[in-house]
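# A structural walkthrough
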Amino acid sequence: MNKQKIPYTKPSITEREVELVTDAARNGWGEKCYEYIHQFEKAFSKYTGAKYAIATSSCTGALHMGMAALNIGPDDEVILADTNWIATAAPITYLGAKPVFVDILPDTWCIDPERIEAAITSKTKAIIAVHLYGNLCEMDKLLEIGKKFNLPIIEDSAEALGSYYQNKHTGTLGEFGTFSFHGTKTMTTGEGGMLITNNDALYERLLTLSNHGRSRSQKKQFWPDEIGFKYKMSNIQAALGCAQIERLNELVDRKREIFFYYYEHLSKINGISMNPEQLGNKNSYWMPTIAFDNDTNITRSVLIDKFSSENIDARVFFWPLSSLSQFDTSNSNPLAYDIPERAINLPSYYDINREQQNRVIDVIRGLLINRTLLAKKVIE
Ligand SMILES: *Cc1c(COP(=O)(O)O)cnc(C)c1O
């Protein structure tokens, strides 16, 4: 008998989302064609506490445009963690610059601040902090390094909507922050992104760049002053965003509830660690993740086999980007190579129920119990 499939993620869409998207499709044209976009940007600023927000077609686009606004270009270098989704690194290459990958911390799996200084060269133009799986980067240390070397800190907060570093929302601490509303993320607009900043000059620059290089002060019609970008969000997507952001506290609370149910049933078992939440921070737990200790001998292939045989769609931990041939593969990042060999993301969508979470918990417990018995047998 086949057990019902447990997907790892899917969005939560209510009648409210359908209502606003329908309204945008029916009425959001002509004079009203930007109405939901402006409303969504305003709501997003309010939620994060950022002075400015610009809605984009994706987080990748927001990063590309943001880094262009910081004048990052050919032969420059940008430092980021090796453990990451490629979407953070790809825009660096679009600008002709080079991503420089450094190792991660053992507990948060985010960039190791101690390793950044050694990676800084005369070509370094920025440091990107990626708050992985909702976990928080050590922003105080990163900002201090930024100050010392006069380098902007960019926060890719695609996975950390609802996460707070010492009472400040992610994305508001550095030069600018970016978010993703892809269907797998904490809130969705189908595809979509957001760039936030508190910097007046940078905002003005971004407004021009985001409008095909047409400045607000340019009175001539259809007159671009430079080459810009077209990474805009549509009004229909923004309507979906408006409905989702009304429910964002509920969506984040649910992520936390799902995480803590796993945590309650798994954290006391020897041999595993989960997403941490340091004192004073709030983790929005986009992806509840388990890392097995090395001595459990539980590897990625064991995990994939076991979860798929139980019809559970658990996802592998990010591969180190420096292991991909499209990037510079010379590195010395042992943790970024070691942790993905023994870690997995657990299903965490809004509608997952207790029975389904219990199935996930049982797989993990089963694996650990078998390993302990095996180890014992070897000793006897
Ligand atoms: C999802 C994600 C992105 C990309 O978001 P898109 O909206 O798909 O471009 C970028 N960075 C990180 C860390 C992500 O997880």
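Quick summary incoming for the structure in this document. (Residues numbered from 1 in each chain as written. Predicted model: local features only at pLDDT ≥ 70, side-chain atom pairs only at ≥ 80, totals over all residues. Heavy atoms only, no water.)

## What to know about the site of the ligand
Thr60, Asp156, Glu159, Ser180 and Lys185 are the nearest of the 14 residues found near the ligand. Within the side chain of Thr88, an N or O atom sits 3.4 Å from a nitrogen atom of the ligand. Taking Ser180, its side chain carries an N or O atom lying 2.7 Å from an oxygen atom of the ligand. Protein coverage of the free-state accessible area of the ligand, which is 380 Å², stands at 91%. Those elements giving two or more residues to the shell around the ligand turn out to be helix H3 (59–69) and helix H4 (86–94). Counted by class, the shell around the ligand contains 5 nonpolar, 6 polar and 3 charged residues. (Near = heavy atom within 4 Å. Polar contact = N/O pair within 3.5 Å; in protein donor to acceptor, adjacent residues only side chain to side chain. Areas by Shrake-Rupley, 256 points an atom, 1.4 Å probe, with all protein chains shown as cover. Helix = DSSP H or I, 4+ residues; strand = E, 2+ residues; numbered from the N terminus. Nonpolar A, V, L, I, M, F, W, Y, C, P; charged D, E, K, R; others polar.)

## Here's the deal with unusual backbone geometry
With phi around 55°, Asn150 is a residue other than glycine that occupies positive phi space. Structurally, the position occupied by Asn150 is in the loop between helix H6 (139–149) and strand E5 (153–156). Given a relative accessible area of 69%, Asn150 falls into the exposed group. Even without being a glycine, Asn297 presents a positive backbone phi close to 60°. Mapped onto the elements of the fold, Asn297 is located in the loop between strand E11 (289–292) and helix H10 (300–309). (Buried < 20%, exposed > 50% of the residue type's maximum accessible area, 1.4 Å probe, protein only.)

## Some words on the sheet that holds E11
The pairing of strands in a sheet happens through backbone hydrogen bonds and is either parallel or antiparallel. Strand order in this open sheet of 4 strands is E10-E11-E13-E12, and the pairing throughout is antiparallel. Two strands in the sheet have a free side with no partner beyond their single neighbour: strand E10 (272–274) and strand E12 (315–316). Two elements, E10 and E11, share 3 bridges in a ladder whose sense is antiparallel. Bridge pairing in E11 links Met274 to Ile290. Contacting E10 and E11, helix H9 (residues 248–266) runs over the sheet at an angle of about 160° to E10. In this fold H10 packs onto E11, E12 and strand E13 (343–345), with an angle of close to 35° to the strand it touches most, E13. (Pairing = 2+ DSSP bridges. Contact = heavy atoms within 4.5 Å. Axes fitted to C-alpha atoms, helices over the stretch in contact; angles between N-to-C directions.)

## A word on the packing of helix H1 (residues 15–27) against helix H8 (residues 235–246)
Their axes nearest at 8 Å, the elements H1 and H8 cross at an angle of 155°. The orientation of H1 relative to H8 falls into the category roughly antiparallel. Helix-helix and strand crossings are classified by hand; for H1 and H8 the assignment is right-handed. Facing H1, whose interface residues are Arg16, Glu17, Leu20, Val21, Ala24 and Ala25, H8 presents Asn235, Ile236, Ala239, Leu240, Cys242, Ala243, Gln244 and Glu246. Residue classes in the contact of H1 with H8 are distributed as 9 nonpolar, 2 polar and 3 charged. (Parallel < 35°, antiparallel > 145°, perpendicular 65-115°, else oblique. Left-handed = near helix turned anticlockwise from the far one by under 90°.)

## A closer look at the nonpolar core
By size, the foremost hydrophobic cluster in this structure holds 33 residues, and its most contacted members are Ile79, Trp109, Ile111, Ile116, Tyr133, Met139 and Leu142. Elements that contribute at least two residues to this core include exactly strand E2 (77–81), strand E3 (98–102), helix H5 (113–119), strand E4 (124–130) and H6. A per-element tally of this core places H6 first, with 3 residues. Not counting residues within four places of it along the chain, the set of residues in contact with Met139 comprises Ala129, His131, Ile153, Glu155, Tyr165 and Leu173. Counting 32 residues, the second largest nonpolar core, distinct from the first, contains Leu63, Ile154, Tyr203 and Leu209. (Core = buried A, V, L, I, M, F, W, Y, C linked by side-chain atoms within 4.5 Å.)

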